[in-house]
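Breakdown of the fold
Read off the chains here:
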4 protein chains.
Amino acid sequence: MDKVQVAVFGAAGYGGVELLRLLRRHPYVEVVRLAGHTTAGERIDEVYPHLAGVDGRTITESNVEEACTEAEIIFAALPHGTSMEFVAAAVAAGRQILDFSADFRLRSRQAYEQYYGEHVAPELLSQAVYGLPELHRTEIVGAQLIAVPGCYPTGAILAMAPAVRAGLIEPDSIIIDSKSGVSGAGRSKLTLTTHFCEVDESVSAYNIATHRHTPEMEQELSLWGESVTVTFSPHLIPMSRGILTTAYGKLRSAVTAAEVHEIYAEAYGEEPFVHVLSPGKLPATKHVTGTNFCNIGLVVDERNQRLIVVSAIDNLGKGLSSAAVQCLNIARGWPETTALDDVAVWP
Amino acid sequence: MDKVQVAVFGAAGYGGVELLRLLRRHPYVEVVRLAGHTTAGERIDEVYPHLAGVDGRTITESNVEEACTEAEIIFAALPHGTSMEFVAAAVAAGRQILDFSADFRLRSRQAYEQYYGEHVAPELLSQAVYGLPELHRTEIVGAQLIAVPGCYPTGAILAMAPAVRAGLIEPDSIIIDSKSGVSGAGRSKLTLTTHFCEVDESVSAYNIATHRHTPEMEQELSLWGESVTVTFSPHLIPMSRGILTTAYGKLRSAVTAAEVHEIYAEAYGEEPFVHVLSPGKLPATKHVTGTNFCNIGLVVDERNQRLIVVSAIDNLGKGLSSAAVQCLNIARGWPETTALDDVAVWP
Amino acid sequence: MDKVQVAVFGAAGYGGVELLRLLRRHPYVEVVRLAGHTTAGERIDEVYPHLAGVDGRTITESNVEEACTEAEIIFAALPHGTSMEFVAAAVAAGRQILDFSADFRLRSRQAYEQYYGEHVAPELLSQAVYGLPELHRTEIVGAQLIAVPGCYPTGAILAMAPAVRAGLIEPDSIIIDSKSGVSGAGRSKLTLTTHFCEVDESVSAYNIATHRHTPEMEQELSLWGESVTVTFSPHLIPMSRGILTTAYGKLRSAVTAAEVHEIYAEAYGEEPFVHVLSPGKLPATKHVTGTNFCNIGLVVDERNQRLIVVSAIDNLGKGLSSAAVQCLNIARGWPETTALDDVAVWP
Amino acid sequence: MDKVQVAVFGAAGYGGVELLRLLRRHPYVEVVRLAGHTTAGERIDEVYPHLAGVDGRTITESNVEEACTEAEIIFAALPHGTSMEFVAAAVAAGRQILDFSADFRLRSRQAYEQYYGEHVAPELLSQAVYGLPELHRTEIVGAQLIAVPGCYPTGAILAMAPAVRAGLIEPDSIIIDSKSGVSGAGRSKLTLTTHFCEVDESVSAYNIATHRHTPEMEQELSLWGESVTVTFSPHLIPMSRGILTTAYGKLRSAVTAAEVHEIYAEAYGEEPFVHVLSPGKLPATKHVTGTNFCNIGLVVDERNQRLIVVSAIDNLGKGLSSAAVQCLNIARGWPETTALDDVAVWP
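Residues numbered from 1 in each chain as written. Chains lettered and ligands numbered in written order. Predicted model: local features only at pLDDT ≥ 70, side-chain atom pairs only at ≥ 80, totals over all residues. Heavy atoms only, no water.

Details of the domain arrangement of chain A
All names here are of chain A.
- Each assigned domain of chain A is listed with its residue range as follows: domain 1 (4-148 + 320-332) and domain 2 (152-313).
- For domain 1 versus domain 2, the distance between C-alpha centres works out to 25 Å.
- Contact residues are listed per partner, giving 23 residues for domain 1 and 29 residues for domain 2.
- Taking both sides of the interface into account, the surface hidden between domain 1 and domain 2 amounts to around 2100 Å²; carbon and sulfur atoms contribute 53%.
- In this structure, the connection of domain 1 to domain 2 is made through three salt bridges.
- Across the pair Arg105 and Glu216 runs a salt bridge, and its minimum N-O distance is 3.2 Å.
- Our count for the contact surface shared by domain 1 and domain 2 stands at 14 residue pairs in polar contact (both at pLDDT 80 or more). (Domains from an automatic or database assignment. Contact = heavy atoms within 4.5 Å. Buried area = accessible area lost by both parts, 1.4 Å probe. Salt bridge = Lys/Arg side-chain N within 4 Å of Asp/Glu carboxyl O. Polar contact = N/O pair within 3.5 Å; in protein donor to acceptor, adjacent residues only side chain to side chain.)

Dropping the structure here:
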């Protein structure tokens, strides 16, 4: 089979370079263009010395026309706001796009504009598919524009979806308490928040109840008829990668741990990348670092009639780049685990 | 003023050695005995090389009679279960005790025995004072037996007490999501849970809804008439010290952020060690490392009518050893901040 | 091609589990047996939860007869002293062995016994091949018993070999200052040295001038006629994986940086896993984490007529498990990079 | 005794804020002015939230005239190049200055200009005292201008001075291999070098044989007649604070470990802040974090007739801010350990 040609925009960000790592071993695609903005003109192995001796290509300007000429598939690892114009042009050129930004994740233009600002291609919002295969696999097949979910929403939605769908949870009771590694802040904007000495040996909370990933969680957890609202609390952890999400919901009526386990086991039993842990086990982010896995642990607090679900993902894996590859595999009809079958490097 | 003589049991644990650091600069006490169990016969600076050239004393066996002969005040940094017999003997000998274990924190023998096992000195439970000055300062004055609060309960209770006392919160709605450094696991028992390579670059959950610190939180948050229950979720963070607690409660009725801030500012305005942060600010554990401070940030999620309070303490500071010194200062009528006026070493 | 059957002894150690990760993607081998000692009877995914849902096989006792019946190739990731008996039996049974221990690395029984203790199979010392392809590729082809080099020696020898071979260095002037992650201490023996709180935020030196890896370095750097001696200083770094080696040698006569670079470029130009960095660049361990790469940076200190070579490896990669796979590939005539073509997970 | 008034320039850097921590507990001084450049106009507790509730003063512009009017003593925690003009003005105004920059550390204008650039106040070079009490205590007494040594030189010089002074070492044989925490890079300039994700889990080398601290080491180690040259190799370690220096020197003639230990014990026996560890012990940086201590371990490599000395300091402690306080204490005739008697916060 001829390899399909792929362009990567935003190749010099953490999401881009993780994608390059994965695509190097993908048998059905060939990366023909690395594009960047501040890094245009530099070699990728100068930007990322761990690629020395492996990949010496030069990063080009983010020229959408050239990319659409060369490549059939475009990964757009660009910031929200920047991405939408670019994506619209690539859609118009008939290309298939995996968009890493938030620009096409929300169905509601109003919700987008409330949290992010003006949207310049709102007509594409209904066309875009939310790239979470566990909820939207059928729509992803053959999709042209796939909005890769946010890292926090991925962990939160996978944690709570089976319980909400099964009607176990009061729809206004959900709390998402997430703990993220620092790479979620990206590489290009250097701030005190990513300064080693300020982050190291510290855990902190930020943007509680105001974070922009909230509407994404609410949209997806409201798929089954009831309007779900979420209190979302992100925290910064002194580690590079990973998100642990502790999700809380009030149970509508008493349910046993075994019943909950069965609901989750059924929901995810066929999923290649979601592991429901044995009863009594709880996940750790390091178990999934560098992978596309989401590990899920379940607790029923009978004293308080509350369900607690803990999910672990790699924010740059199932939370971003490997999720995009999973979507591409599905969209193209390739085996879903292609290029995604590695386990974590341990320790 | 003559210095009061003090003995430290469990001197070779992390709580003990932190206490030694603080008492070195305490003008009113003199540590006359370091006792330990597995370390008896060793020099403290062999056990802790950072004390080389500073403190070369030998650790003795944990002999309560000898300690009571030598010292007026006894710090018992011993495991729960072990501590109670020892404390009972020291009480009988008329000594003043600061107990770091859980053995005298709960007023209810039944609650103790449900979570910890048999209690051999239940008659002292009503006599012991819960050493959280922000709630029990008056009782601490002159107290003979002070139960130093658990690290998690300290962060949780300080976060929620003003809101519960003011009647803002539904009493069955409280969730305590805590993130702790590894030193909470102690030094003496070496397990994979404290192995650098297993903890490093990972965040994990454990003992959700079953942790033994739960009844302590519920006891103290039920002081104002309503019976409060708590879902408690501890997490392990790749750092040595610190606990960040994110506490959630359903608001009984709408309240503004400004109103909540005023309630907290009033509750803690006179407290030397609790800082209510400016509106919009959230705490980080590193800000309080090595100190007796508790920093508190407040968020009202109006969309979900929920209060979120984030507290940061050092689990070995306000969560243990410096809290004990604060209690001693109060109990003895010394200035409350004696030996506790340092700020964090930054960064 | 039929897959060759492989047994892994010591599968539950860090070297073993890294090997399992690599062999999962090796097209020419199949792991048919995982053996362990303290973990026998447990499932590998209970010992290593990151394998949950991926590998649920049970670890067996380390029975050499059974292993030799089932498998053609045996990876022995066992401690020195333990390994030699086992290896001798497997050699007698005609199996091919990759030994991770120190037992067959030294040609001199006397050197072995001076540093490690009695050797029970000294007759195999001359038969074993030192598994550093950059120096011994020809001997590795078809070899039955391959002694995988120690992690520190790999970094040190690769750093200094080209300069010593070219006669640039005074043979008694070499200093090896190495900085290692904590995983080098293994997983099974829990000590304060691996306790998170003791290692975190600290760098320390240990075993300077007495470490057992010294004779291995001296043996290999003396391959070209002159007897080389080495002062070796290992250090412990608060990270899980990686060794950075800073190697110093007195130059016999003036040489330019360009000349040295050419010598190294020539020595390693054909090597698939050794990268000589551009002049002016120095390596970092994270660039090679999880890979079989060794990155090398060169400095000539003209003021002091000294050569400084800095090498970076992953102690569990090129320093152990992936090095073993590289040797196997060579020994069997498979493409040398089989299963070893990944780049580091970044960041 | 009236407190002496002190101004701190560069108060918002890591050196400045560490100094503020120490001076808060200094009984003989009062900080009357905090000055900064980019932070002027901000409150110090906004710049450093760990000071919330403790110090709410506003940072002023770095106005030397005003500072000299208000304060008798000026700590100048400014970058090299910037500092010298400022210092010259303060000297002219008759103030006592502790300069944290490199501007007055070198006796040789030529050496300064070779490594740093033009010097605008060379006439002060001979007047300035190098603030290492272990070598220059007498000169520090009453000194007006004290150049606080660089962090790397402090660790290197304290490691090697006794051996060089005793004539044990070949003067052209010294290698200084140093391992530093990230805070040495400062807080204000944000680069990839201090980005958490790039530093975390990695050790790297930089500026080998070219680092600007080299001439400082050579100047001080040449105090006893022989001209010493040094090869200096700095490394970056994933921790916030601390420098471990492994110093190597060729022994002129055979000497035993016991003899070396005696030479060091004699050299530092009266020093309040240098601990020569027991034979066989090697230091770790965490043992001295937040303190003014320098811990020293000694190894004689008899096989190679080489001395290895390992020193541990806190780069912001004995390597900068607490060293400045020690110098001030000596200069003013106050007890040398004033405000410096704490031990490390452990763990």
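Quick word on the sheet that holds strand S6 (residues 129-130) of chain A
All names here are of chain A.
- Taken together, seven strands build an open sheet; the order of strands is S3-S2-S1-S4-S5-S7-S6 and the sheet is parallel. Only two strands of the sheet have a single partner each, and these edge strands are strand S3 (60-61) and S6.
- Sheet topology places strand S5 (residues 96-99) next to strand S7 (residues 145-147); three bridges connect them, and they run parallel. Paired with Asp99 across the bridge in S7 is Ala147. (Pairing = 2+ DSSP bridges. Helix = DSSP H or I, 4+ residues; strand = E, 2+ residues; numbered from the N terminus.)

What about the relation of the copies chain D and chain B?
- The operation relating chain D to chain B is a screw motion whose rotation component is 180°, with 0.0 Å of axial translation and a residual RMSD of 0.0 Å. Each copy turns onto its partner about a two-fold axis.
- Comparing contact sets, 100% of the residues at the interface of chain D also lie at the interface in chain B, consistent with an isologous, same-surface contact. (Least-squares fit on C-alpha atoms with pLDDT ≥ 70 in both.)

Concerning the interface of chain B and chain A
- Listed as interface residues are 49 residues of chain B and, on the opposing side, 50 residues of chain A.
- Of the roughly 3800 Å² buried between chain B and chain A, counting both surfaces, carbon and sulfur atoms make up 51%.
- Asp177 of chain B serves as the salt-bridge partner of Lys179 of chain A, at 3.0 Å between the closest nitrogen and oxygen.
- At the surface where chain B touches chain A, the tally comes to 38 residue pairs in polar contact (both at pLDDT 80 or more).
- For the side of chain B that touches chain A, the elements supplying multiple residues, two or more each, are strand S7 (174-180), helix H8 (196-199), strand S8 (204-205), helix H9 (214-221), strand S9 (230-236), strand S10 (243-250), strand S12 (294-301) and strand S13 (306-313) of chain B.

Quick look at the relation of the copies chain B and chain A
- Expressed as a screw operation, the relation of chain B to chain A combines 0.0 Å of axial shift with a rotation of 180°, fitting to an RMSD of 0.0 Å.
- A share of 100% of interface residues in chain B that are also interface residues in chain A marks the association as one of identical surfaces.

Brief notes about the pattern of salt bridges
- Counted according to the given criterion, the structure contains 84 salt bridges over all chains.
- The residue Glu336 of chain B makes a salt bridge to Arg137 of chain B at a minimum N-O spacing of 2.8 Å. Taken together, the residues Glu336 of chain B in the segment after helix H11 (321-332) and Arg137 of chain B in helix H6 (residues 133-140) connect sequence positions 199 residues apart.
- Glu336 of chain B gets classed as buried once you look at its relative accessible area, which sits at 17%.
- The shortest N-O distance in the salt bridge between Glu72 of chain D and Arg332 of chain D comes to 3.2 Å. One end of the pair, Glu72 of chain D, is in the loop between helix H3 (64-70) and strand S4 (73-76); the other, Arg332 of chain D, is in helix H11 (residues 321-332), with 260 residues separating them in the sequence.
- Taking relative accessible area as the criterion, Arg332 of chain D reaches 28% and is therefore assigned partly exposed. (Buried < 20%, exposed > 50% of the residue type's maximum accessible area, 1.4 Å probe, protein only.)

With respect to the interface of chain D and chain B
- Taken together, the contact pairs 32 residues of chain D with 32 residues of chain B.
- Carbon and sulfur atoms make up 59% of the surface buried where chain D meets chain B, a total of about 2800 Å² over both sides.
- A per-residue breakdown of the area chain D buries against chain B is headed by His50, Val343 and Trp346 of chain D, which together make up 24% of the total.
- Our count for the contact surface shared by chain D and chain B stands at two salt bridges.

Points about the pairing of strand S2 (residues 29-36) of chain A
All names here are of chain A.
- Buried residues dominate S2, accounting for six of its eight residues.
- With six bridges joining them, strand S1 (residues 4-9) and S2 adopt parallel strand pairing. Residue pairing for S2: Ala7 is matched across the bridge by Arg33.
- Once the chain exits S1 it traverses helix H1 (residues 14-23) before rejoining the sheet at S2, and the crossover so formed is right-handed. (Right-handed = clockwise from strand over helix to strand, strands pointing away.)

Considering the pairing of strand S3 (residues 73-76) of chain B
Residue and element names in this part refer to chain B.
- Of the two faces of S3, both are covered, the one formed by Ile73 and Phe75 as well as the one formed by Ile74 and Ala76.
- In this structure, strand S1 (residues 4-9) lies alongside S3, joined through four bridges in parallel fashion. Residue pairing in the sheet places Val6 in a bridge with Ile73 of S3.
- Where S3 lies against strand S4 (residues 96-99), four bridges are found, and the strand directions are parallel. Along S4, the bridge assignment pairs Phe75 with Leu98.

Details of the packing of helix H7 (residues 151-165) of chain D against helix H9 (residues 214-221) of chain D
Residues and elements named next belong to chain D.
- Running from N to C, H7 and H9 cross one another at 25°; their axes reach a closest spacing of 9 Å. The angle between the axes of H7 and H9 places the two elements in the roughly parallel class. When the axes of H7 and H9 are compared, the crossing they make is right-handed. Across the interface between the two elements, Tyr152, Pro153, Ala156, Ile157, Met160, Ala161 and Val164 of H7 pack against Glu216, Met217, Glu220 and Leu221 of H9.
- In terms of residue class, the contact of H7 with H9 is built from nine nonpolar, no polar and two charged. (Axes fitted to C-alpha atoms, helices over the stretch in contact; angles between N-to-C directions. Parallel < 35°, antiparallel > 145°, perpendicular 65-115°, else oblique. Left-handed = near helix turned anticlockwise from the far one by under 90°. Nonpolar A, V, L, I, M, F, W, Y, C, P; charged D, E, K, R; others polar.)

Quick look at the sheet that holds strand S8 (residues 174-180) of chain C
All names here are of chain C.
- The strand order across the open sheet formed by seven strands is S9-S10-S8-S11-S14-S13-S12, and the pairing between neighbours is mixed. The open sheet has two edge strands with one neighbour each: strand S9 (204-205) and strand S12 (274-276).
- Two strands pair when backbone bridges link them, and S8 and strand S11 (residues 243-250) are joined in this way by six bridges, in the antiparallel orientation. Residue Asp177 lies in a different strand from S11, and its bridge partner there is Thr246.

Describing the packing of aromatic side chains
- Under the defined criterion, the tally for this structure stands at 30 aromatic pairs over all chains.
- Ring centres 6.0 Å apart and planes at 50° place the aromatic pair Phe273 of chain C and Phe293 of chain C in the tilted group. With Phe273 of chain C in the loop between helix H10 (257-268) and S12 and Phe293 of chain C in the loop between S12 and strand S13 (294-301), the pair connects residues that are 20 residues apart, well separated along the chain.
- Residues Tyr152 of chain D and Phe232 of chain D carry aromatic rings whose centres are separated by 5.0 Å and whose planes lie at 65° to one another, so their mutual orientation is edge-to-face. Linking Tyr152 of chain D in helix H7 with Phe232 of chain D in strand S10 (residues 230-236), this pair joins segments that are 80 residues apart in sequence.
- By relative accessible area, which is 3% here, Tyr152 of chain D ends up buried.
- Residue Phe232 of chain D is classed as buried on the basis of its relative accessible area of 0%. (Phe/Tyr/Trp six-rings, centres within 6.5 Å; stacked < 30°, edge-to-face > 60°.)

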